[in-house]
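Survey of secondary and tertiary structure
Listed here are the chains, written in short residue letters.
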Amino acid sequence: MDGKSLIGGPWHKGAETFLSSPASGEARMFYAGTPAMVADACSAAEAAFRNYGYSGTEERAIFLERIAGEIETRGDAITQIAMSETGLPAARLEGERGRTTGQLKLFADHIRKGAFLDRRHDPALPDRKPLPRPDLRMMQRPIGPVAVFGASNFPLAFSTAGGDTASALAAGCPVIVKGHPAHPGTGEIVAEAIDAARTACDLHPGVFSFVHDGGTAVGASLVQDPRIKAVGFTGSLRGGRALFDLCAARPEPIPFFGELGSVNPMFLLPEALSGRGPDIAAGWAASLTMGAGQFCTNPGLVLAIAGDDADSFIAAAAEALAKVDAQTMLTEAMAETFCDGRDRIAGTDGVTTVVSTSAPARQAGPQLFWADAKTFCGNGTLHQEVFGPLGLVVTVKDAAEMVEMASLMEGQLTATLHMDDADHDLARRLLPILERKAGRLLANGFPTGVEVADAMVHGGPYPASTNFGATSVGTLAIRRFLRPVCYQDMPEGLVPHLG
């Protein structure tokens, strides 16, 4: 690991350097990326697309599987540097590595089946009256070079070789990754694995590039380069919205597929709350604090009808949270932002602090707050995600107010109904509303843990994501990087056959 960026094959130094900020161990020096590196990477990606965009699905599938193998070969090194940089435990990182290689293999299997091409054929009808019909063939085609921004909270599964990269490469699109400064060493080793796979498969060197962080100028130049045709992003609302606006303001606007997080509300329906409130509270506390709450699907908001059952739920949640120790957060800045969010909510009129814990720098302990519906609706700051182990319980007067609260919510990645059979009538009133609010609806579960599968949706209406018709997890993610092309009266030998 030498701190360089991978630009269309060779590894390059930048003129300036930065130091990593590891959770443990010594800081390392990396060469900051530059707009000039971005331009060279985009040029190489455009050249690569002329071949890679017309490569067969088997060729791409083998490439994806080879990437998975190269990552596993470097597994121990990846775990060690990622533990140092992020503070995440070995078991979490090894599981995430398995998820990363698993989704690469999943996309390999998916494109081999060929259904993603969505081929359609309307044969010519030369004798049709009053006008003949031409021969029409349609299929999905890759859009061109794609920019991917590595995520802070998933250094493997949502970063250099994560779902955005895997689905774009599967579609036939070269990828340029801007590494995340929270884990530059991890990103570099994974980039090395992808490049080794590319070399073994004898693919154009512009198929994959990796640019170390170089401040906002690098990200801005990447999304504004005219050769980039789409952007995949997982991160904060503020950062994602800034990049989204740059994409929209280009002379040729391009799609920005940003996953920006949400509060992921859980609705505790009356019978479920009455019958098993303490059990739900224990499960919620475990979900809320998993990984120091650093999941975009963290269930930070609970809604319940006020009364003894809600009081018992809050008490049980408080008891469970009080037993959870402070945990190391991914970056110092993230810990500071968490503390700012905690203090903002604690200082809001009408909010009661139920559990408050302090922690050393770069750590976060569980926090629990309570407010009524009037307070929640009257203060927009309570609607905002606090990234970390913080939960807010909002009590409503009755079922009607719960339905009203659902209708007032912004877009979410997930929404959960905890219910028993006797709650189904209320659930039927909530579901049509929540379908318009979230990309994934759960019954009697917790949203942390996003299965990588064909049917998964990880996305939702804004501000959960910037494109409510897309997902960043699951095989449907490939659709983000494809577009339909119709071939009219084209000789069959000239129409792409990629099977």
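Being a predicted model, the structure only gives us computed values, none of them experimental.

A short note on the environment of Gly-235
Residue placement: Gly-235 occurs in the loop between strand S10 (230-234) and helix H8 (237-249). In this structure, the C-alpha to C-alpha distance between Gly-235 and His-418, residues 183 residues apart in sequence, is 28 Å. If near-sequence neighbours (up to four positions away) are discounted, Gly-235 is found in contact with Glu-259 and Leu-260.

Some points on the environment of Thr-348
Along the chain, the position of Thr-348 falls in the loop between helix H11 (332-346) and strand S15 (352-355). For Thr-348, a relative accessible area of 8% puts it in the buried group. Expressed as a C-alpha distance, the spacing of Thr-348 and Asn-379, which sit 31 residues apart in the sequence, is 8.1 Å.

Some details on the environment of Glu-192
Relative to the assigned elements, Glu-192 resides in helix H6 (residues 184-200). For Glu-192, a relative accessible area of 38% gives the class partly exposed. For Glu-192 and Trp-11, which are 181 residues apart along the polypeptide, the C-alpha to C-alpha distance reads 9.7 Å. Not counting chain neighbours up to four residues away, the residues in contact with Glu-192 comprise Trp-11 and Arg-74.

Side note on the side chain of Ser-84
Along the polypeptide, Ser-84 turns up in helix H3 (residues 75-86). Beyond its immediate sequence surroundings of up to four residues, Ser-84 is in contact with Pro-22, Ala-23, Ser-24 and Gly-25.

Details of the pairing of strand S7 (residues 146-149)
Each regular strand shows side chains that alternate between the opposite faces of the sheet. Here S7 shows two buried faces, one formed by Val-146 and Val-148 and the other by Ala-147 and Phe-149. As paired strands, S7 and strand S8 (residues 175-178) are joined by 4 bridges and run parallel to one another. What sits directly across from Val-146, in S8, is Val-175. For the segment spanning S7, helix H5 (residues 163-171) and S8, crossover handedness is right-handed. Two strands pair when backbone bridges link them, and S7 and S10 are joined in this way by 4 bridges, in the parallel orientation. In the sheet register, Ala-147 faces S10, and the bridge partner there is Val-231.

Reading guide: rules and limits
Residues numbered from 1 in each chain as written. Predicted model: local features only at pLDDT ≥ 70, side-chain atom pairs only at ≥ 80, totals over all residues. Heavy atoms only, no water. Helix = DSSP H or I, 4+ residues; strand = E, 2+ residues; numbered from the N terminus. Contact = heavy atoms within 4.5 Å. Buried < 20%, exposed > 50% of the residue type's maximum accessible area, 1.4 Å probe, protein only. Pairing = 2+ DSSP bridges. Right-handed = clockwise from strand over helix to strand, strands pointing away.

What is shown is where atoms sit, not what they do.
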